[in-house]
Amino acid sequence: MIQFKSISKTFQGGSGPVHALDNISLHVPEGCIYGVIGSSGAGKSTLIRCANLLESPTSGEVLVAGQNLIELSPAELRSARREIGMIFQHFNLLSGRTVFQNIALPLELAGKSSSDIENAIAPLLELVGLVDKRDSYPAQLSGGQKQRVAIARALASQPKVLLCDEATSALDPQTTVSILNLLKDINKKLGLTILLITHEMDVVKSICDRVAILSQGRVIEENDVESFFVAPQTELAREFVRAAIHEKPASDISHQFRQGYVEGSRPVLRITFVGQNVVQPLITQAARLCQVDFNILQADIETVHSKTMGFLMVDVVGEEQGVQDAQAFLQKHDLQVEVVGYVS
Amino acid sequence: MSADAWSLLFESLLETLYMVAVSGLVSAALGIPLGVLLHVTRPRQILQRPLLNRALGTVVNAARSVPFIILMVAIIPLTRLIAGTSIGTTAAIVPLSLASIPFVARIAEGALNEVSSGLVEAAESMGATPLQIVTRVMLPEALPGLIHGMTLTLVTLVSYSAMAGAIGGGGLGDLGIRYGYQRFDPIIMIATVIVLIVVVQLIQSAGERLQARYEHK
Ligand SMILES: Nc1ncnc2c1ncn2[C@@H]1O[C@H](COP(=O)(O)OP(=O)(O)OP(=O)(O)O)[C@@H](O)[C@H]1O
Ligand SMILES: [Mg+2]
C-alpha cells in the first residue's frame, strides 16, 4: 500500500549536510499496522513525512496505492493527499473551531456540501466516542480526546492510509492504551493501512503487525512483530525488546554477575517463548533429564501482537555437562535461548 | 462651557471618529493582505520567495521609519490627487492610512507567525491549497491576534489624527490646538483631552471584548 523505494533525504544544516534518510526501502502491505521505531534523531519523522510528501525525498520513489507521489503535479498531489490521513503528536487542531468544525475541515477543503458534511461526521463522532463533545472547543478537551478528534478528522475524507507521527507520545499510559485500541479498531473495521512511528516499544508491542528499526537514517532490521520479539537480530533491537518487557539487566539481579566465563561459573540464560503453556513442562523436563536446577531470576509474561509471550531469566545450577545439555535441550524444543552472562 | 463650545466639541469628535474609522478600514483592507504576503513568502513558508520577502520587508520598514508629521507633508501631492484637496478631514485620511498600512502589515505578520506550523502542516496533509490554508487556517487562527493588532492601530490612529488635525485636518486635535493653544482656552483644551481619553478607552475595551470572544483558550 505504501512503498518507499530507496529514498534518501539530505538536509543542508548549518554545520554541513545531514543525511536524515539514507537509502530506505520499505513496503507497508495493505491492511497492515506497520511500526517504525527508532531513537531520537533517527529520521522517523522525516520518513513518515515522506509518505505524503510533506517532505520530499532528495532521491527515491514514494508509492501510495500504486501512485508515485513524486511524479504528481501540485493539484494531483493535493487530491492524493486526501486519500492519506495523518495524525500528529501535538494533535494540530484548530483552536477556533469546535470538535465538529475541526472534523469538517477536510470535507470543507474538498468542497463538500454542508448536508454531506453533517452526514459524514455523525458516524465519525460515534466511532471515536465524542458524540457529547460535538460543540466543544479543543481547549476544553483532554489530550486523549484531542487525539480522538484528530483521528476523526483524518478519517473524514475516507482515506486508505493513516499516518501517525508519534500519535501517543504526548499522552499518559492509560490514554495511550485507549488511543491504540481505537487505532486497532479502525484498522479492523475499515481495513485501513496504518503506518506509525514511535520511540515507544509498547506501541509496537500492542498494535503493530510489522516493525522496522531506524537508526541514523537506515533501516537496520525489519520483521513481523512476533519474530522481532522472539529473535531480535541487532543490538539496538535487543535493547528495544528488553525495554519493552521491562527486563532488568542481569547485573542488577545478581551481584555475582559477570560478563565472561571463568572456571566454575554458571551461565545466566534468557529464555524467550511464545505461548504460556509450553515452557514449564520443558524446564521441568530439562531439570530432570540433565540433573540441573533452574534458579529463576526474573520472569515476565507479555502480550505481543495479541499472542502471549514469555521472557525468563534463569541461572542454571549443576554439573558443567548437565548445564550444557539443559541448554541444548531447551533450544532443541524451539525456545529462544541466549547466554547473557555468568554467575559464580 | 458654552453651548457653542459643546457643539464644537461634538463636531470635532465626529470628525476624529470619521478619520480613524475610514483610515482604520483602509489600513486593515490593505495592511492585512500585505501582512499575509510578508508571512507566506518567508523562507520555509507555504509560498516562500525569499527575495520578494526581503524587498517587501525593506519597503515596509522604510515606510515605518518616516515620522508621521514628515510623511504628511511629503505626500501632499498624492493626497491632492486622491482626495482632491490637501486640507480637511478627508484629506487627512490619506496620510493616516498610508502610515498605518505598514504598521498593520507588521502586526498581521506577527499574528500569523504565532499560528503553529503544525496546523499549516495538518492542512497541507489534507490537501489544502495555499489560498485555503490562508483563509481557512491561518487567518481564522490568527484572528484574536489580528483583533489585538487592529485595536492597537485604532488607538495609534486617534493620536495620529490629532496630529493631522494640527495642520488643518480637523477633528479633536485641531480643536485643541486652535482653542486651547492659539486662543488660550484651557477649558476646551482639557475637554478635548478628556474626550480623547474616553475614545481611546472605549476602543481598547471594545477590542479586548472582541478578542476574548474569538479566543478559545
Ligand atoms: N528541516 C530540517 N532541517 C535540517 N535538519 C533536519 C530537518 N528536519 C530534520 N532534520 C535532521 O534530520 C535528522 C532526523 O530528524 P527526524 O526529525 O526525522 O528525527 P526523529 O527520528 O523523528 O527524532 P525524534 O524522535 O526526536 O522526533 C535529525 O538529525 C534532524 O536534526
Ligand atoms: Mg520526530
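For the structure itself, consult the block above.
Residues numbered from 1 in each chain as written. Chains lettered and ligands numbered in written order. Predicted model: local features only at pLDDT ≥ 70, side-chain atom pairs only at ≥ 80, totals over all residues. Heavy atoms only, no water.

With that settled, the discussion passes to the overall build of chain A. Along the backbone of chain A there are 12 helices and 14 strands. Across its three principal directions, the C-alpha atoms of chain A cover 80 × 50 × 35 Å. Put simply, chain A has 344 residues, and 50% of those count as buried. Restricting the contact set of chain A to residue pairs at least 6 apart, pairs at least 24 apart contribute 70%. Within chain A, one finds 30 positive and 38 negative side-chain charges whose respective centroids are separated by 6 Å. (Helix = DSSP H or I, 4+ residues; strand = E, 2+ residues; numbered from the N terminus. Buried < 20%, exposed > 50% of the residue type's maximum accessible area, 1.4 Å probe, protein only. Contact = heavy atoms within 4.5 Å. Lys, Arg positive; Asp, Glu negative; His and termini not counted. Charge placed at Lys NZ, Arg CZ, Asp CG, Glu CD.)

Surveying the vicinity of ligand 1 reveals 13 residues, the closest of which are A:S40, A:G41, A:K44, A:S45 and A:T46. What surrounds ligand 1 is not a single chain but chains A and B. One of the side-chain nitrogen or oxygen atoms of A:S40 is found 2.5 Å away from an oxygen atom of ligand 1. Between A:A42 and ligand 1, the recorded distance is 3.2 Å, taken from a backbone N or O atom to an oxygen atom. Protein contact buries 64% of the 630 Å² of open area that ligand 1 shows by itself. Within the residue set of the shell around ligand 1, elements represented by two or more residues are β2 (16–28) and α1 (44–50) of chain A. The element contributing the most residues to the shell around ligand 1 is α1(A), with three residues. Its residues assigned to classes, the shell around ligand 1 comprises four nonpolar, six polar and three charged. (Near = heavy atom within 4 Å. Polar contact = N/O pair within 3.5 Å; in protein donor to acceptor, adjacent residues only side chain to side chain. Areas by Shrake-Rupley, 256 points an atom, 1.4 Å probe, with all protein chains shown as cover. Nonpolar A, V, L, I, M, F, W, Y, C, P; charged D, E, K, R; others polar.)

Further remarks concern the environment of B:G145. Residues and elements named next belong to chain B. Inspection of the secondary structure puts G145 in helix α7 (residues 130–169). When its relative accessible area of 28% is taken as the criterion, G145 is described as partly exposed. Separated by 39 residues in the primary sequence, G145 and F184 have C-alpha atoms spaced 42 Å apart.

A few words now on the sheet that holds β2(A). Residue and element names in this part refer to chain A. Strand order in the open sheet formed by four strands is β2-β1-β4-β5, and the pairing between neighbours is antiparallel. With partners counted over all chains shown, the strands left at the sheet margins are β2 and β5 (67–68), one partner each. Direction of pairing for strand β1 (residues 2–13) relative to strand β4 (residues 59–64): antiparallel, over a ladder of five bridges. Within the sheet, the bridge partner assigned to I2 lies in β4 and is V64. (Pairing = 2+ DSSP bridges.)

Here we take up the interface of chain B and chain A. Listed per partner, the contact involves 19 residues of chain B and 22 residues of chain A. Counting each side, the surface lost to burial between chain B and chain A is near 1800 Å², with a carbon and sulfur contribution of 58%. When the area that chain B buries against chain A is broken down by residue, the three leading residues are B:M126, B:R136 and B:H216, summing to 35%. Of the charged contacts, one joins A:E108 and B:R136 as a salt bridge, the two residues approaching to 2.9 Å between their closest N and O atoms. Scanning the region where chain B abuts chain A turns up eight residue pairs in polar contact (both at pLDDT 80 or more). When contributions to the side of chain B that touches chain A are tallied by element, the ones reaching two or more residues are α6 (117–125) and α7 of chain B. Top contributing element to the side of chain B that touches chain A by residue count: α6(B), with seven residues. Here the side of chain B that touches chain A is composed, by residue class, of seven nonpolar, seven polar and five charged. (Buried area = accessible area lost by both parts, 1.4 Å probe. Salt bridge = Lys/Arg side-chain N within 4 Å of Asp/Glu carboxyl O.)

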